[in-house]
Amino acid sequence: MRSARAAARLVRAATCGLPLALLACHPHTNRPPFGPEPGTAVAVLELGVPAATTRLAEALRADSLPVGRVELRDGYLETPWFDTATGRPTDRRPLGAGVVRLRAWIDPALPGHSRLRVETVYRPLADPSLPDRELERMVAEDHPTAARVREVLELLEKVFGKPRPAPAPSGGPGSPGPRPAP
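Every value quoted in this text rests on a predicted model; they were computed, and no experiment measured them.

Details of the packing of aromatic side chains
The tally for this structure, following the rule as stated, stands at two aromatic pairs. Ring geometry for F34 against W105: centres 6.3 Å apart, planes inclined by 65°, an arrangement best described as edge-to-face. With a gap of 71 residues between them, F34 in the loop between α2 (20-24) and β1 (41-45) and W105 in strand β5 (residues 99-108) connect regions that are remote in the sequence. Each ring, one from Y76 and one from W105, has its centre 5.5 Å from the other, and the planes form 70°; the classification is edge-to-face. Here W105 lies in strand β5 and Y76 lies in strand β3 (residues 76-78), a separation of 29 residues in the sequence. As far as the burial class goes, Y76 and W105 line up, both buried.

Here we look at helix α5 (residues 144-160)
Compared with the 24 Å implied by 1.5 Å per residue over 17 residues, the 24 Å span of α5 between its first and last C-alpha is a close match. Every buried residue of α5 is listed here: T145, A146, V149, V152, L153, L156 and E157. Along the axis of α5, the buried residues cluster in a sector spanning 135°; they form a single face. Along α5, exposed side chains directed more than 90 degrees from the buried face belong to P144, E151, L155, K158 and V159. Packed against the buried residues of α5 are β1, α3 (49-62), β4 (82-83), β5 and β6 (114-122). Following α5 by one or two positions, G161 has its phi on the positive side, about 80°.

Cut-offs applied
- Residues numbered from 1 in each chain as written.
- Predicted model: local features only at pLDDT ≥ 70, side-chain atom pairs only at ≥ 80, totals over all residues.
- Heavy atoms only, no water.
- Phe/Tyr/Trp six-rings, centres within 6.5 Å; stacked < 30°, edge-to-face > 60°.
- Helix = DSSP H or I, 4+ residues; strand = E, 2+ residues; numbered from the N terminus.
- Buried < 20%, exposed > 50% of the residue type's maximum accessible area, 1.4 Å probe, protein only.
- Expected span 1.5 Å × (residues − 1).
- Arc of directions from axis to C-beta.
- Contact = heavy atoms within 4.5 Å.

Structure below.
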């Protein structure tokens with residue numbers, strides 16, 4: 001009984017003074033419940049998440065990659081399973097490195113920047129006892145679609161910039177120089 005009252009007091013204290021709209025907010029995302037595979041292609045652009053998501057979708061489409069789903073608010077996009085030889089979506093069973101899917105997660109990085117992580121996956125085998133995601137593997141680095149994705153990301157970095165490194169301390173007047181040895 002005592003802990004129930006304490007819990008109720010905690011809830012009241014935690015919500016006291018918050019706008020009702022904030023309490024009614026439901027954290028919902030259209031992203032999948034998993035993140036990208038290790039070894040995904042990465043780029044950082046001087047754009048906010050919605051703009052970076054839009055630019056990535058446009059660049060992939062311009063490179064004839066069939067972007068199917070784009071979630072601007074969530075910073076996510078994916079392609080349907082597609083044939084790497086034709087670049088067209090396929091209805092055939094996605095098995096082997098000839099049929100791949102791209103997924104991209106676009107997240108805030110530095111202020112005003114976004115980090116793009118794009119995976120290119122395939123399914124080497126079918127196993128109905130496992131969830132689909134557990135069957136997916138990254139394509140090899142020399143896979144033609146992986147190379148195209150890297151080229152798209154490099155082009156976006158050239159056009160929309162990379163974060164600049166923090167300026168190194170200058171050795172100019174007024175700055176402390178090296179200390180003499182004792």
